[in-house]
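Tertiary structure, described
Each chain, letter by letter, is given below.
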Amino acid sequence: MKKLLATLAVAASFTLAAHSAGAQTYPERTITVVVPFAAGGPTDTVTRLVAEAMSKDLGQQIVVENVGGAGGTLGAGRVASADPDGYTLLLHHIGMSTSATLYRKLAYDTLNSFEYVGLVTEVPMTIVARKDFEPADLKGLIEYAKENKDAVTVANAGIGAASHLCGMLFMSAIDTPLVTVPYKGTGPAMTDLLGGQVDIMCDQTTNTTKQILGGTIKGYAVTTPKRLDVLPDLPTTEEGGLPGMQVSVWHGLYAPKGTPAEVSERLSKSLQVALKDPNVVARFAELGTTPSPEADATPAALKAKLESEIARWKPIIEAAGQYAD
Ligand code: ASP
């Protein structure tokens, strides 16, 4: 018995030593960041910019893997069950908090299946339409939608996505249900909006700014209290007649539960460096957003945000009584 205990103690100390040595030399190989939406969309864009800057800081390649579907819950599930070694991460947005209530069943426990790295950015949303969509402004869109509710199609990235949430807020604000069309991300939804296959969408500026400025889609409003520097001609929802409709999309970086604290801390430090990278700052500004301040790019800040956002959306979703199975 004594011998067995001694053997176990030696084995345990080896494991511990290997564990902390790994954390100290991390990262030693390529890191994968899962984006839970299709390529080419706003979460993908933000992730690729940040991953490039973090990769420089960490001295290892970071590859982005798009695992779209079910409003971001498939990608989150993939990371929840990945090895907790710091080599598979998740960059998700506000949908992490809304899905916790919207989905009756998830393959993970939102608050207990992840370690936190930090907040990345908070992105305004815009209400947009295909270029030749009839209504000229938000007031016109509201009237048109009420009169043609069975014909107006609204693209989103599935239940739990930010575009789904924003679309629901719009429909509830105008008290009119419209026809929703789900995609694996708003990257492919934008392709269909540009092609005229779908009418309207509510999506992050990180996907819509370039298209609005280029006149390839129509912009109706931005969902922030103030107009954006990058889109000065775009009225706010309040100016356009929907004062209560304000929403922005916070993004966070996560690792699977059990990832060593030293690794999460290292990633957090790297995220802080990335968010000050001149290319990230400049590209974010062009896309109508700003990097999270250093104090928010921390595990504690992301954990607090996720907890408070789950608590904020739960009663709203429960009152709406619409769930995904
Ligand atoms: N913007 C999308 C959303 O609706 C997701 C994406 O494709 O990045 O949440």
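What comes next is a walk through the structure. (Residues numbered from 1 in each chain as written. Predicted model: local features only at pLDDT ≥ 70, side-chain atom pairs only at ≥ 80, totals over all residues. Heavy atoms only, no water.)

1. Some thoughts on the overall build of the chain
Looking only at helices and strands, the chain has 11 helices and nine strands in total. Relative to the compact-globule value of 20 Å for 325 residues, the chain shows a C-alpha radius of gyration of 21 Å, a close match. In the chain, buried positions account for 53% of the 325 residues. Look at the contacts in the chain between residues 6 or more apart in sequence, and 79% of them connect residues 24 or more apart. Looking at the chain as shown, the accessible area adds up to about 14,100 Å², and 56% of this sits on carbon and sulfur atoms. The positive charge centre, built from 27 side chains, and the negative charge centre, built from 34, are 5 Å apart in the chain. (Helix = DSSP H or I, 4+ residues; strand = E, 2+ residues; numbered from the N terminus. Rg over C-alpha atoms; globule rule 2.2 N^0.38 Å. Buried < 20%, exposed > 50% of the residue type's maximum accessible area, 1.4 Å probe, protein only. Contact = heavy atoms within 4.5 Å. Areas by Shrake-Rupley, 256 points an atom, 1.4 Å probe, with all protein chains shown as cover. Lys, Arg positive; Asp, Glu negative; His and termini not counted. Charge placed at Lys NZ, Arg CZ, Asp CG, Glu CD.)

2. Quick look at the environment of Arg283
Locating Arg283 in the fold gives a position in helix H10 (residues 278-286). Taking the C-alpha atoms as reference points, Arg283 and Thr45, separated by 238 residues in sequence, lie 9.9 Å from one another.

3. Quick look at the environment of Ala76
In this fold, Ala76 is placed in helix H3 (residues 73-80). Given a relative accessible area of 0%, Ala76 falls into the buried group. Separated by 32 residues in the primary sequence, Ala76 and Tyr108 have C-alpha atoms spaced 7.9 Å apart. Excluding anything up to four places from it in sequence, Ala76 contacts Pro36, Leu90, His92, Met96, Tyr108 and Phe114.

4. A look at the site of the ligand
Taken together, Phe37, Pro42, Thr43, His93, Ala157, Ala161, Ala162, Ser163, Gly185, Thr186, Asp203 and Gln204 make up all the residues around the ligand. With respect to the ligand, the side chain of Asp203 contributes an N or O atom lying 2.8 Å from a nitrogen atom. For the ligand, a nitrogen atom lies 2.6 Å from a polar atom in the side chain of Gln204. Residue assignment for the shell around the ligand shows that the elements contributing at least two residues are helix H2 (42-58), helix H6 (162-173) and strand S7 (200-204). Considering only residue class, the shell around the ligand consists of five nonpolar, six polar and one charged. (Near = heavy atom within 4 Å. Polar contact = N/O pair within 3.5 Å; in protein donor to acceptor, adjacent residues only side chain to side chain. Nonpolar A, V, L, I, M, F, W, Y, C, P; charged D, E, K, R; others polar.)

5. Overview of the side chain of Thr209
Within the secondary structure, Thr209 is located in helix H8 (residues 205-214). Among residues more than four places away in sequence, those in contact with Thr209 are Val230, Leu231, Glu286, Leu287 and Gly288.

6. Side note on the nonpolar core
Within soluble globular proteins, side chains that are nonpolar tend to cluster in buried spots. Leu138, Phe170, Ile200 and Tyr254 are the most contacted members of the largest nonpolar core, which totals 47 residues. If sequence neighbours within four positions are ignored, Leu138 has contacts with Ile127, Phe170, Tyr220, Ala221, Thr237, Gly240 and Leu242. Residues Ala23, Tyr87, Leu89 and Ala157 belong to the second largest nonpolar core, which totals 33 residues. (Core = buried A, V, L, I, M, F, W, Y, C linked by side-chain atoms within 4.5 Å.)

7. Overview of the packing of H2 against helix H9 (residues 261-274)
The axes of two packed helices give the description: the angle between them and the distance between them. Packing of H2 against H9 brings their axes to within 8 Å, and their N-to-C directions diverge by 115°. Here the hand of the crossing between H2 and H9 comes out right-handed. Contact with H2, carried on its side by Val50, Ala53, Met54, Asp57 and Leu58, involves Arg266, Leu267, Ser270, Leu271, Val273 and Ala274 of H9 and no other residues of that element. Of the residues in the contact of H2 with H9, the class split is eight nonpolar, one polar and two charged. (Axes fitted to C-alpha atoms, helices over the stretch in contact; angles between N-to-C directions. Left-handed = near helix turned anticlockwise from the far one by under 90°.)

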